[in-house]
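Chain residues, written in single-letter form:
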Amino acid sequence: MIVKQFYEAVFEVSIELVPIPRGRKYGIFPLDVKALGAGLALVEGTGYEPTDTGSIIYIDRGESLDGPLSRIETAGGKILLPKAENSGGNGFIAQFRDSEGNRVGLHSSD
């Protein structure tokens with residue numbers, strides 16, 4: 001699960017691999033709402049294709065996007081939308097393409 005290494009580097013976490021049936025791989029982010037903003041998991045398997053044209057999932061990073069954004073390109077991703085003010089004064093957003101080609105968003109209050 002190459003994308004596991006990408007997200008571990010970007011978010012500075014350890015993702016636990018959990019066996020699931022039918023040849024799929026499942027990686028669980030540590031549940032730390034203060035650090036990550038939400039519980040997250042990665043799933044890899046037949047029929048799951050990376051895409052940057054579908055829905056964008058935004059990960060709430062709490063206070064700042066600066067740390068994760070500084071590690072994306074070193075980890076093999078690409079920043080698509082640098083940190084920008086969200087409309088309506090609702091914090092900041094950014095978007096990136098991960099190491100497999102998925103487009104993902106980030107949100108923070110600062």
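Preceding this paragraph is the structure being described.
Here's a quick rundown of the structure. Since we're looking at a predicted model, the values are computed, not measured.

### Structural notes on the pattern of salt bridges
Tallied over the full model, the rule gives 5 salt bridges. Residue Glu-44 is joined to Lys-25 by a salt bridge in which the shortest nitrogen-to-oxygen separation is 3.7 Å. One end of the pair, Glu-44, is in strand 3 (residues 41–44); the other, Lys-25, is in strand 2 (residues 25–28), with 19 residues separating them in the sequence. Two residues, Asp-66 and Lys-83, come together in a salt bridge whose shortest N-O distance is 3.4 Å.

### A look at the sheet that holds strand 2
Spatial strand order, 1-2-3: 3 strands in an open sheet with antiparallel pairing. At either end of the open sheet lies a strand with only one pairing partner, and these are strand 1 (16–19) and strand 3. Going from strand to strand, the sheet's axes swing by 25 degrees on average, the running direction of each strand aside. Where strand 1 meets strand 2, 4 bridges bridge the pair, whose relative direction is antiparallel. Bridged to Leu-17 within strand 2 is Gly-27.

### Things to note about the nonpolar core
Among the nonpolar cores identified, the biggest contains 17 residues, and Tyr-7, Phe-11, Phe-29, Phe-96 and Leu-106 are the most heavily contacted of them. At the level of secondary structure, the elements contributing two or more residues to this core comprise helix 1 (2–11), helix 3 (66–72), strand 6 (92–97) and strand 7 (103–108). It is helix 1 that contributes the most residues to this core, 5 residues altogether.

### A closer look at the sheet that holds strand 6
Strand order in this open sheet of 4 strands is 4-7-6-5, and the pairing throughout is mixed. Each edge of the sheet is formed by a strand with only one pairing partner; in this case those strands are strand 4 (57–60) and strand 5 (78–85). Neighbour to neighbour, the strand axes of the sheet diverge by 20 degrees on average, direction disregarded. Inspection of the sheet shows strand 5 paired to strand 6 by 5 bridges, in the antiparallel sense. When the sheet's bridge partners are listed, Ile-79 is paired in strand 6 with Phe-96.

### Thoughts on helix 1
For helix 1, the buried fraction is high: 7 of the 10 residues fall into the buried class. Turning to helix 1, its buried residues number three or more, namely Val-3, Lys-4, Phe-6, Tyr-7, Glu-8, Val-10 and Phe-11. Looking one or two places after helix 1, you find Glu-12, whose phi comes out positive at around 50 degrees.

### Comments concerning the side chain of Glu-8
Tracing the sequence through the fold places Glu-8 in helix 1. Judged by its relative accessible area of 19%, Glu-8 is buried. Looking at Glu-8, its side chain comes within polar contact range of the main-chain nitrogen of Ile-15, at 2.9 Å.

### A short note on the packing of aromatic side chains
Following the criterion strictly, the structure yields 6 aromatic pairs and no others. Here the aromatic rings of Phe-11 and Phe-29 are separated by 6.3 Å at their centres, their planes lie at 65 degrees, and the arrangement is edge-to-face. In this pair, Phe-11 sits in helix 1 while Phe-29 sits in the loop between strand 2 and helix 2 (33–36), placing the two residues 18 residues apart along the sequence. According to the relative accessible area criterion, Phe-11 is buried, its value standing at 4%. Assessed through its relative accessible area of 4%, Phe-29 is described here as buried. Counting every residue linked through ring pairs, the aromatic cluster contains Phe-6, Tyr-7, Phe-11, Phe-29 and Phe-96. Cation over ring: Lys-83 sits above Phe-92, and NZ or CZ is 4.9 Å from the ring centre.

Analysis parameters
- Residues numbered from 1 in each chain as written.
- Predicted model: local features only at pLDDT ≥ 70, side-chain atom pairs only at ≥ 80, totals over all residues.
- Heavy atoms only, no water.
- Salt bridge = Lys/Arg side-chain N within 4 Å of Asp/Glu carboxyl O.
- Helix = DSSP H or I, 4+ residues; strand = E, 2+ residues; numbered from the N terminus.
- Pairing = 2+ DSSP bridges.
- Axes fitted to C-alpha atoms, helices over the stretch in contact; angles between N-to-C directions.
- Core = buried A, V, L, I, M, F, W, Y, C linked by side-chain atoms within 4.5 Å.
- Buried < 20%, exposed > 50% of the residue type's maximum accessible area, 1.4 Å probe, protein only.
- Polar contact = N/O pair within 3.5 Å; in protein donor to acceptor, adjacent residues only side chain to side chain.
- Phe/Tyr/Trp six-rings, centres within 6.5 Å; stacked < 30°, edge-to-face > 60°.
- Lys NZ or Arg CZ within 6 Å of the ring centre and 35° of its normal.

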